[in-house]
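# Structural description and commentary
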Amino acid sequence: MGLGDIADGLSRGVESIGSTVSGAFFEPVVRLGVTGLSRAGKTVFITSLVANLLDRARMPQLAAASEGRILTAYLQPQPDDTVPRFDFETHLAALTAAQPRWPESTRAVSQLRLSLRVRPAGLLAGIQGPRTIHLDIVDYPGEWLLDLELLDLSYEDWASKALHRAEGRSQAEAYMALARDIDGDAKFEEPQARQLADGYAAYLQEAREAGYSDCTPGRFLLPGEMAGSPALTFAPIPKPARGKRGSLWREMERRYDAYTARIVKPFFRDHFSRIDRQIVLVDALGAIHAGPAALDDLRRAMTDILSAFRPGRNAWLSRLLLGQRVEKILFAATKADHLHHLQHPRLTHIMEALVRDAKDRADFAGAKTESMAIAALRATVEETLGHGGRNLDCVRGTLLDGRQAAFYPGELPEDPQRLLGPAREGAETWLDEDYAIMNFAPAALRLKPGEGPPHIRLDRAAQFLFGDRL
Ligand SMILES: Nc1nc2c(ncn2[C@@H]2O[C@H](COP(=O)(O)OP(=O)(O)OP(=O)(O)O)[C@@H](O)[C@H]2O)c(=O)[nH]1
Ligand SMILES: [Mg+2]
């Protein structure tokens with residue numbers, strides 16, 4: 001047992017309550033948060049990461065693995081009794097089936113504990129035996145981070161802001177028509193609250209699909225197990241003259257307060273505040289394919305989401321964190337297997353440019369950050385095809401209907417501003433190039449013993465995120 005372990009055990013003491021009970025107080029825990037907007041690739045990332053940590057032949061860039069210091073890796077019951085377990089086995093079975101499929105979409109937070117028996121590196125190797133390090137991986141929707149803003153706003157402030165935003169958005173027409181006729185002083189009736197909440201949720205859903213990301217409350221899009229409860233049955237309405245007791249307005253206000261107190265705060269307290277290392281997955285290629293408006297919206301969403309990592313952003317959260325903060329944040333452009341590797345550096349530059357705004361504001365006060373282009377599960381192989389007198393660097397894979405196809409996604413510009421500039425200025429289409437994206441199915445795998453699923457730079461990502469703790 002080294003001194004480092006003890007100090008580590010103590011500084012992370014609060015979160016190790018579970019491990020204390022099991023008598024493993026001095027076994028260090030690294031909590032890795034995995035987030036991103038919906039469909040960014042969180043589930044595939046965690047599944048492939050865990051599979052590749054269990055079978056490490058494809059992890060040469062993870063130093064502890066290539067140095068042969070990871071003796072064993074195994075899944076353990078996770079320490080938090082009330083958090084759903086990340087369903088690793090089901091997701092892996094889908095990806096590695098004879099006819100592989102992508103895992104189902106997930107709707108709530110989940111967690112998995114992977115424990116690694118590791119021989120220490122360097123000088124300690126001689127005097128210290130192997131030790132166990134727990135990697136707790138937490139999967140949570142990026143949308144939930146947007147709710148941090150609500151902690152700063154009263155219902156009145158939030159409602160006026162939300163109605164103001166909805167004004168003029170075509171997706172909100174039906175809801176605005178409904179809200180305009182509402183008398184907040186009228187006596188509260190549940191069916192009316194339900195109708196308003198459903199209408200508002202429908203608008204958020206549509207706005208989200210149209211590429212808007214400032215869609216709070218985040219749980220309206222991903223309600224999880226709270227669907228239908230009063231804390232999720234509210235909506236913004238115009239402030240009435242009196243706002244008397246028993247009125248619709250007063251009940252909406254009460255429910256909004258319940259939402260922030262009972263749903264938003266517990267998430268930040270129980271999950272977010274305990275994260276040591278964070279990966280933010282970003283489907284930048286998907287946004288580029290969807291066009292300039294979607295890309296600009298993604299940039300703004302990243303700024304909003306990442307503000308949760310800015311120390312001092314919210315007084316309540318700062319008190320909770322007591323100066324403890326996420327030590328490393330990796331921004332990963334996912335699904336890089338849609339591109340020939342020659343284009344990967346360009347995708348990385350685009351990723352860097354996308355988060356620059358957020359970074360410039362605070363540089364996350366001491367957190368180490370990096371951007372990378374990765375594919376958690378490589379579904380393609382590279383192929384160069386002659387076309388119209390030039391060589392096109394393509395990728396080939398299996399489509400969802402089982403056919404094989406070679407695919408040229410378009411050439412990303414060397415300078416990310418060639419995309420981000422027009423996006424910011426409200427361009428409607430890309431001028432120079434069309435970007436395509438294709439829905440490949442996961443490739444059928446023939447894994448040799450010791451091999452995890454194929455990926456791109458998953459080992460580099462792992463090294464950045466927690467390699468230093470192994
Ligand atoms: N080609 C390729 N596609 C990927 C990869 N990772 C994810 N995808 C695609 O992205 C989709 C979403 O991936 P998920 O891992 O389910 O994303 P998620 O963030 O967990 O999504 P939600 O749970 O719905 O929020 C998958 O169904 C795949 O189509 C990858 O590494 N390569
Ligand atoms: Mg998921």
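It should be emphasised that the depicted structure is a prediction, and the values quoted were computed from it without experimental measurement. (Residues numbered from 1 in each chain as written. Chains lettered and ligands numbered in written order. Predicted model: local features only at pLDDT ≥ 70, side-chain atom pairs only at ≥ 80, totals over all residues. Heavy atoms only, no water.)

For ligand 1, the set of nearby residues contains 16 residues, the closest of which are Lys42, Thr43, Val44, Ser105 and Thr106. Measuring from a nitrogen atom of ligand 1, one finds a side-chain N or O atom of Asp337 at 2.9 Å. Leu377 places a polar main-chain atom, nitrogen or oxygen, 3.0 Å from an oxygen atom of ligand 1. In isolation ligand 1 has 650 Å² of accessible area, and contact with the protein removes 94% of it. Its residues assigned to classes, the shell around ligand 1 comprises 6 nonpolar, 6 polar and 4 charged. (Near = heavy atom within 4 Å. Polar contact = N/O pair within 3.5 Å; in protein donor to acceptor, adjacent residues only side chain to side chain. Areas by Shrake-Rupley, 256 points an atom, 1.4 Å probe, with all protein chains shown as cover. Nonpolar A, V, L, I, M, F, W, Y, C, P; charged D, E, K, R; others polar.)

On the secondary structure map, Asn52 appears in helix 3 (residues 42-54). Dropping the residues within four chain positions of it, Asn52 is found in contact with Arg58, Met59, Gly452, Pro453, His455 and Leu458. (Helix = DSSP H or I, 4+ residues; strand = E, 2+ residues; numbered from the N terminus. Contact = heavy atoms within 4.5 Å.)

One pass over the full model with this rule turns up 20 aromatic pairs. Their ring planes at 40 degrees and their centres at 6.2 Å tell us that Tyr155 and Trp158 sit as a pair that is tilted. Taken together, the residues Tyr155 and Trp158, both in helix 7 (residues 155-166) and 3 residues apart, mark about one turn of the helix. The class of Tyr155 is buried, set by a relative accessible area of 1%. Summarising the aromatic geometry, the rings of Trp158 and Tyr256 are spaced 5.3 Å apart at their centres and angled 25 degrees between planes, so their arrangement reads as stacked. Of this pair, Trp158 sits in helix 7 while Tyr256 sits in helix 11 (residues 248-270), and the two are 98 residues apart along the sequence. (Phe/Tyr/Trp six-rings, centres within 6.5 Å; stacked < 30°, edge-to-face > 60°. Buried < 20%, exposed > 50% of the residue type's maximum accessible area, 1.4 Å probe, protein only.)

On to the coordination of the magnesium ion (ligand 2), then. Protein-derived ligands of the magnesium ion (ligand 2) are Thr43 (OG1) and Thr106 (OG1), with the metal-ligand distances lying across 1.9 to 2.0 Å. Pair noted here: Thr43 is in helix 3 and Thr106 is in the loop between helix 5 (88-96) and strand 3 (110-118), with a separation of 63 residues, a long-range link. (Donors = N, O, S within 2.8 Å, 3.2 Å for Na, K, Ca; no water.)

With respect to topology, 3 strands assemble into an open sheet ordered 8-9-10, the strand pairing being antiparallel. Among the strands making up the open sheet, the edge pair consists of strand 8 (380-387) and strand 10 (404-407). Put simply, the sheet's adjacent strands are angled 35 degrees from each other on average, direction ignored. Sheet topology places strand 8 next to strand 9 (residues 390-398); 8 bridges connect them, and they run antiparallel. Residue pairing for strand 9: Glu383 is matched across the bridge by Cys394. (Pairing = 2+ DSSP bridges. Axes fitted to C-alpha atoms, helices over the stretch in contact; angles between N-to-C directions.)

This next bit is on the pairing of strand 4 (residues 131-139). Within strand 4, 9 of the 9 residues are buried, which leaves it mostly tucked inside the rest of the structure. With 6 bridges connecting them, strand 1 (residues 29-36) and strand 4 associate as parallel partners. Bridging across to strand 4, Arg31 finds its partner in Asp136. As defined by bridge partners, strand 3 adjoins strand 4 across 9 bridges and the pair is classed as antiparallel. Along strand 4, the bridge assignment pairs Val118 with Arg131.

Time to look at the side chain of His455. Here His455 lies in the loop between helix 16 (417-424) and helix 17 (458-466). You can call His455 buried: its relative accessible area is 12%. For His455, the side chain forms a polar contact with the main-chain nitrogen of Leu458, separated by 3.1 Å. Excluding its chain neighbours within four sequence positions, the residues that come into contact with His455 are Asn52, Arg58, Met59, Ala375, Ala376 and Arg378.

Another point: the nonpolar core. Core analysis: the largest hydrophobic core is formed by 89 residues, its most contacted members being Trp158, Tyr175 and Leu295. Counting residues per element, this core draws most heavily on helix 11, at 10 residues. Once residues lying within four places of it in the same chain are set aside, the contact partners of Trp158 are Leu150, Leu153, Tyr200, Thr216, Pro217, Phe234, Ala235, Pro236 and Tyr256. The next biggest cluster of nonpolar side chains, apart from the first, holds 42 residues, and it includes Leu32, Ala51, Ala73 and Phe86. (Core = buried A, V, L, I, M, F, W, Y, C linked by side-chain atoms within 4.5 Å.)

A word on the confidence of the model for the protein chain. This prediction gives the protein chain a mean pLDDT of 87; 93% of its residues lie at or above 70. Low confidence marks residues 1-24, where pLDDT is under 50. Its contacts with residues over four positions away, or in another chain, come to 30 contacts. (pLDDT = per-residue confidence, 0-100.)

Here we come to the packing of helix 3 against helix 5. With their axes 10 Å apart at the nearest point, helix 3 and helix 5 run at an angle of 90 degrees to one another. One element, helix 3, and the other, helix 5, form an angle in the roughly perpendicular class. For the pair helix 3 and helix 5, contact is made by Thr43, Thr47, Val50, Ala51 and Leu54 and by Phe88, His91, Leu92 and Leu95, respectively. Residues belonging to the contact of helix 3 with helix 5 are distributed by class as follows: 6 nonpolar, 3 polar and no charged. (Parallel < 35°, antiparallel > 145°, perpendicular 65-115°, else oblique.)

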